[in-house]
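# Observations on the three-dimensional arrangement
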Amino acid sequence: MKLQQCLATVAPDRDTIVTVGVFDGVHQGHCHLLRRLVELAHPQFLPTVLTFVNHPITVLQPQSDVRYITTPEERVRLLKEQGVELVVCLDFTQELSQVTADDFVSEMVSGLRMKGLVAGPDSALGRDRQGDLDFLKRKGEELGFWVDSVQPLEVDGDQVKSRRIRGNLAEGDVATCAKLLGRKFSLDGIVVKGYQRGQTLGFPTANLQPTPQMALPGDGIYATWAIIDGVRHPSATSIGVRPTFNLSERLIEVYVMDFDDDLYDKRLGVEFVSKLRDQETFNSVDELVVQINQDVADSRAALNEDMEAGIA
């Protein structure tokens, strides 16, 4: 569907203030910009986000392998939690990549009733990123909208970006991810049949099949919260290939403590609190069981600290 047709179906009931981007993760940097959007919009205008469902690089560089921090559905929910009242989701296509900055902005004005545009300092719209801030300000004078530029948020001396979070995640640094996201990193999926070795070891695990193309923490053992039917349960989660059993398939296995109901085919969410250790190879199953007991104890301790910190 052409951009004009997509935006024509939105039909906002009043004039809007808009920001544009992927917003993968809806992290602290995004929230910093969104607070400005909502502040400038209220009470007269409708705070609006135009977001691309897929990252533009997947079209511009098809060989790229983009892993997402949030699903599109979660992204919309998080945006609305920040006070955004209208979220417009577009598939970034080859056709859309060829829309000029002039046409892109004109369609936002006509289709979204845009009266203001909130952007980061490096924002650019349209084919070949033609629509930089200077262009947008000139276009605003012509079409009757203003542009507000928001400086990026820095944490620990560096900008908060989705790419930075993906890097921390790959290293297993879920604690830093939580600081940058403003919440714990989480993923969810369906529980599927696994090798059932955990059952024989006395620690039955849920083999989680996450949504495709999601970013995952690096291999290791993590203290986690398992979300089952909206209820949080203490858990320990292993991500990796299980080298002790000479397996090569990367698995996500969640041991839900003090829980014995059947989870097969159910949707399970996992919130990552801290990394306990790297993946290891053990000389025997007995050594592995000793370590699993220690992992469960360490996870309980980490989760107790997390609860106390939450209460405080």
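Residues numbered from 1 in each chain as written. Predicted model: local features only at pLDDT ≥ 70, side-chain atom pairs only at ≥ 80, totals over all residues. Heavy atoms only, no water.

The next thing to look at is the overall build of the protein. Scanning the protein for helices and strands turns up eleven helices and 13 strands. Projecting the C-alpha coordinates of the protein onto the three principal axes gives extents of approximately 75 × 45 × 35 Å. Among the 312 residues that make up the protein, the fraction classed as buried is 47%. Within the protein, contacts between residues at least 6 apart in sequence are counted, and of these 72% link residues at least 24 apart. For the protein, the computed accessible surface area is about 15,500 Å², with 47% contributed by carbon and sulfur atoms. Counting 32 positive and 46 negative side-chain charges, the protein places the centres of these two groups 4 Å from one another. (Helix = DSSP H or I, 4+ residues; strand = E, 2+ residues; numbered from the N terminus. Buried < 20%, exposed > 50% of the residue type's maximum accessible area, 1.4 Å probe, protein only. Contact = heavy atoms within 4.5 Å. Areas by Shrake-Rupley, 256 points an atom, 1.4 Å probe, with all protein chains shown as cover. Lys, Arg positive; Asp, Glu negative; His and termini not counted. Charge placed at Lys NZ, Arg CZ, Asp CG, Glu CD.)

This next bit is on the sheet that holds strand 9 (residues 206-210). Overall, antiparallel pairing links the six strands, which are arranged 8-9-12-11-10-13 in a closed barrel. Across the sheet, the axes of successive neighbouring strands diverge by a mean angle of 45 degrees, strand direction being ignored. Two elements, strand 10 (residues 220-228) and strand 11 (residues 231-240), share nine bridges in a ladder whose sense is antiparallel. Counterpart to Ala223 in the pairing with strand 11 is Ala236. Of the strands in this sheet, strand 10 and strand 13 (267-277) touch helix 9 (residues 174-181), which is tilted by about 120 degrees from strand 13. (Pairing = 2+ DSSP bridges. Axes fitted to C-alpha atoms, helices over the stretch in contact; angles between N-to-C directions.)

This part covers the nonpolar core. Ranked by size, the top nonpolar core spans 30 residues in total, and within it Leu50, Phe52, Met108 and Leu117 carry the most contacts. Every element with two or more residues in this core is listed here: helix 1 (3-8), strand 1 (16-21), strand 2 (46-52), strand 3 (86-90), helix 6 (101-112), strand 4 (114-119) and helix 7 (133-143). Tallying contributions element by element places helix 6 first for this core, with five residues. For Phe52, the residues in contact, after removing those within four places along its chain, are Val20, Gly21, Val22, Arg75, Leu90, Phe92, Leu96 and Phe104. By size, the runner-up hydrophobic cluster in this structure holds 26 residues, among which are Val155, Val174, Tyr222 and Leu268. (Core = buried A, V, L, I, M, F, W, Y, C linked by side-chain atoms within 4.5 Å.)

Here we come to the pattern of salt bridges. When the charged atoms of two side chains with opposite charge come close together, those side chains can pair. Summed over all chains, the structure comprises 21 salt bridges. In this structure, Lys179 and Asp156 form a salt bridge, with 3.0 Å as the shortest nitrogen-oxygen distance. A residue pair is termed long-range when its members are at least 10 positions apart, and Lys179 in helix 9 and Asp156 in the loop between strand 6 (154-155) and strand 7 (158-159) qualify at 23 residues. Classification of Lys179 as partly exposed rests on a relative accessible area of 43%. Of the residues examined, Asp156 reaches a relative accessible area of 59% and is grouped as exposed. Among the salt bridges present, the one from Asp306 reaches Lys184, with a minimum N-O distance of 3.3 Å. With Asp306 in helix 11 (residues 285-311) and Lys184 in the loop between helix 9 and strand 8 (186-192), the pair connects residues that are 122 residues apart, well separated along the chain. Given a relative accessible area of 17%, Asp306 falls into the buried group. Looking at Lys184, the relative accessible area reads 26%, which means it is partly exposed. The network of salt bridges with common partners includes Asp13, Arg14 and Glu85. (Salt bridge = Lys/Arg side-chain N within 4 Å of Asp/Glu carboxyl O.)

For the rest of this paragraph, the subject is the packing of helix 6 against helix 7. Relative orientation of the contacting elements helix 6 and helix 7 amounts to 45 degrees, with a least axis distance of 11 Å. Between helix 6 and helix 7, the crossing angle belongs to the class labelled oblique. Regarding helix 6 and helix 7, the two cross each other, and that crossing is right-handed. Residues Ala101, Asp102, Val105, Ser106 and Val109 of helix 6 pack against Phe135, Leu136, Lys139 and Leu143 of helix 7. Among the residues making up the contact of helix 6 with helix 7, the classes are represented as six nonpolar, one polar and two charged. (Parallel < 35°, antiparallel > 145°, perpendicular 65-115°, else oblique. Left-handed = near helix turned anticlockwise from the far one by under 90°. Nonpolar A, V, L, I, M, F, W, Y, C, P; charged D, E, K, R; others polar.)

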